[in-house]
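Reading the structure
So the chains spell out like this:
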Amino acid sequence: MGLQLYNKKRNFVATPEPKDRPKGKVKASASQLSFVVQRHKASRLHYDFRLEMEGVLKSWAVPKGPSLNPKDKRLAMMVEDHPYDYKDFKGIIPEGNYGAGIVEIWDHGMYSDLANSQKRKAEKLLLAGLESGNLKFRLFGTKLKGEFALVKLKNNEDNSWLLIKHNDGYAVHDEYNSEDDTPQNSPINKWLMANAKNKTVKKKKS
Ligand code: MN
């Protein structure tokens, strides 16, 4: 997919989001692939699930957030590739910009194919999985651990996938809500509280 669409949607003078790097200066993880899950309060609160492949982050917007319960099938809308540097991005995207709001890192770590292959082989297997619409992988995150799958929905809009936890030692069988796995004092939650207070103050004045 490349980063053309990423670049087209953004004005890097106005947003602090990372710029695409010039060809030849693209960064990538040294020996193991990275993943990140960002929690993003834009017009709606959602989660962005990103997997590194060949120097970019393959990206899905997950409205309800990931789940550790294998019974949950979380809708994941595939969006434009993001640059590798985006894995460290958090902060405010100012009003008027694409995705305006606030981003925080909800989980991150390394990931691999199910066999924990060497990076180059893992990338090949993962890209083949992506192509076939059935991508299986293992996450080594702080919150998200073990086997997961992203399965493309057929007979549906082109970009709809389901994010599903495999039943392994890291699966939970009680109800799982990623919001409950988010600290109450996370940057977004603080920002939301501050905004709510400002609104109340403004209302009182009028
Ligand atoms: Mn987003």
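What this report covers is the structure whose coordinates are included nearby. Within each chain, residue numbers correspond to sequence positions counted from 1 in written order. Given that this is a predicted model, residues contribute local features only at a pLDDT of at least 70 and side-chain atom pairs are listed and counted only at 80 or more, while totals for whole chains, interfaces and linings are drawn from all residues. The side-chain quantities take in all heavy atoms of the structure and omit both hydrogens and water.

The next thing to look at is the overall build of the protein chain. For the protein chain, the helix and strand inventory stands at 3 helices and 9 strands. Each helix and strand of the protein chain, placed in order from N terminus to C terminus, yields the pattern α-β-β-β-β-β-β-α-β-β-β-α. Taking 2.2 N^0.38 as the reference for a compact globule, 206 residues should give roughly 17 Å; the C-alpha atoms of the protein chain span a radius of gyration of 18 Å, in line with that estimate. For the protein chain, the computed accessible surface area is about 11800 Å², with 52% contributed by carbon and sulfur atoms. Where helices and strands are cited, they refer to DSSP runs of H or I of at least four residues and of E of at least two residues respectively, numbered from the N terminus. Note on method: radius of gyration uses C-alpha positions; expected globular size equals 2.2 Å times residues raised to 0.38. Using the Shrake-Rupley algorithm and a 1.4 Å probe, accessible areas are obtained, with residue cover drawn only from the displayed protein chains.

Here a donor is any nitrogen, oxygen or sulfur atom (N, O, S) within 2.8 Å of the metal, with 3.2 Å used for Na, K and Ca; water is not among the atoms considered, so some sites may look incomplete. Listed as protein donors to the manganese ion are His40 (ND1), His46 (NE2) and Asp48 (OD); their distances from the metal cover 2.1 to 2.3 Å. All donors of the manganese ion belong to a single chain; written as a sequence motif, their spacing is H-x5-H-x1-D. Comparing His40 with His46 shows no difference in burial state: the two are buried. For each residue, the accessible area found with a 1.4 Å probe, counting protein chains only, is set against the maximum for its type, and the residue is called buried under 20%, exposed over 50%, and partly exposed in between.

Now for the packing of aromatic side chains. Two rings from Phe, Tyr or Trp (for Trp, the six-membered ring) form a pair when their centres are within 6.5 Å of each other. A pair whose planes differ by under 30 degrees is stacked, one over 60 is edge-to-face, and the rest are tilted. Counting across every chain of the model gives 9 aromatic pairs. Summarising the aromatic geometry, the rings of Tyr6 and Tyr86 are spaced 6.0 Å apart at their centres and angled 90° between planes, so their arrangement reads as edge-to-face. Of the two residues, Tyr6 is situated in helix H1 (residues 4-9) and Tyr86 in the loop between strand S4 (74-83) and strand S5 (91-93); the sequence distance between them amounts to 80 residues. On the basis of relative accessibility, which here comes to 0%, the residue Tyr6 falls in the buried class. Classification of Tyr86 by relative accessible area gives buried; the value is 2%. With centroids separated by 6.2 Å and ring planes inclined at 10°, the aromatic side chains of Phe137 and Phe148 adopt a geometry described as stacked. Of this pair, Phe137 sits in strand S7 (residues 134-140) while Phe148 sits in strand S8 (residues 145-152), and the two are 11 residues apart along the sequence. Phe148 matches Phe137 in its accessibility class, with the two residues each being buried. Grouped by ring-pair contacts, the aromatic residues Phe35, Phe49, Tyr111, Phe137 and Phe148 constitute a single cluster. Against the face of Phe148 rests Lys165, its NZ or CZ located 4.7 Å from the ring centre. Two thresholds decide whether a charge sits over a ring: the Lys NZ or Arg CZ must be within 6 Å of the ring centre and within 35 degrees of the ring normal.

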